[in-house]
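The residues making up each chain are set out below.
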Amino acid sequence: MQTSRPSSSVSQEKKRKISICVHVRNGGPESPSCGGQESRVLIKELTELLVKKNLTDITVAESRCMGLCENGCMMYIEPDDVRYQNVKLSDLNEIVSSHLMQGQVVKRLRFV
Ligand code: FES
């Protein structure tokens, strides 16, 4: 039986792809965007962290706007179907160790 409630654990058997929004909105302070924050730095730092942790089967990619600009930086992890919001550099270690290595979703960052 399937439930509509998001699970807090994910399988570690799947090959993952992590997409991080890099879209920039040009509306000034009234139009926040992931690309206007640190999303490109997130991609660089996450890629380096995955190499350091020997998680080289996980790919990291830039993505277009996910339509959740007010909640950026936005990150989407496939095939787990998990979105993280307000992701900062300081969150990367927790996402890697908890979600990617232990299969436990980081609840405080999850967008539901
Ligand atoms: S700018 Fe990232 S979700 Fe829209």
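Everything below is about the structure shown above.
Presented here is a report on the structure given in the accompanying data block. Small disclaimer: the values here were computed from a predicted structure and weren't measured.

1. Side note on the overall build of the chain
On a plain count of helices and strands, the chain comes out with two helices and five strands. A compact globule built from 112 residues should have a C-alpha radius of gyration of about 13 Å, and the chain, at 14 Å, falls within 12% of that. Principal-axis analysis of the C-alpha atoms places the extent of the chain at approximately 45 × 35 × 20 Å. Buried positions account for 23% of the 112 residues belonging to the chain.

2. Quick look at the sheet that holds strand E2 (residues 59-63)
With mixed pairing, five strands are arranged side by side in an open sheet as E2-E1-E3-E4-E5. Each edge of the open sheet carries a strand with a single partner, namely E2 and strand E5 (110-111). Where strand E1 (residues 17-21) meets strand E3 (residues 75-78), four bridges bridge the pair, whose relative direction is antiparallel. Across the sheet, residue Ser19 finds its bridge partner in E3, namely Tyr76.

3. Thoughts on the environment of Arg83
Inspection of the secondary structure assignment puts Arg83 in strand E4 (residues 82-84). Considering only alpha carbons, one finds Arg83 and Ile20, 63 residues apart in sequence, at a separation of 9.8 Å. Those residues in contact with Arg83 that lie beyond four places of it in its chain are Met74, Tyr76, Arg110 and Phe111.

4. Some thoughts on unusual backbone geometry
Each neighbour pair has its own omega, and for Gly72 with Cys73 the value is 10°, a cis peptide bond. With respect to the secondary-structure elements, Cys73 resides in the loop between E2 and E3. With omega at -5°, the peptide bond leading from Glu78 into Pro79 counts as cis. One can find Pro79 in the loop between E3 and E4. Of note in this structure, Asn54 is not a glycine but carries a positive phi near 60°. Relative to the elements of secondary structure, Asn54 occurs in the loop between helix H1 (39-52) and E2.

5. Some remarks on H1
Spanning 14 residues, H1 covers 20 Å between terminal C-alpha atoms, matching the ideal 20 Å at 1.5 Å per step. Residues of H1 that are buried: Ser39, Leu42, Ile43, Leu46 and Leu50. Down the axis of H1, the buried side of the element spans an arc of 100°, and every buried residue falls inside it. Pointing more than 90 degrees away from the buried face of H1 are the exposed residues Val41, Glu48, Val51 and Lys52. Contact partners of the buried residues in H1: E1, E2 and helix H2 (92-102). Remark: Asn54 follows H1 within two positions and exhibits a positive phi of approximately 60°.

Procedures and definitions
- Residues numbered from 1 in each chain as written.
- Predicted model: local features only at pLDDT ≥ 70, side-chain atom pairs only at ≥ 80, totals over all residues.
- Helix = DSSP H or I, 4+ residues; strand = E, 2+ residues; numbered from the N terminus.
- Rg over C-alpha atoms; globule rule 2.2 N^0.38 Å.
- Buried ≥ 20, exposed ≤ 12 C-beta atoms within 10 Å, placed from the backbone.
- Pairing = 2+ DSSP bridges.
- Contact = placed C-beta atoms within 7 Å.
- Expected span 1.5 Å × (residues − 1).
- Arc of directions from axis to C-beta.

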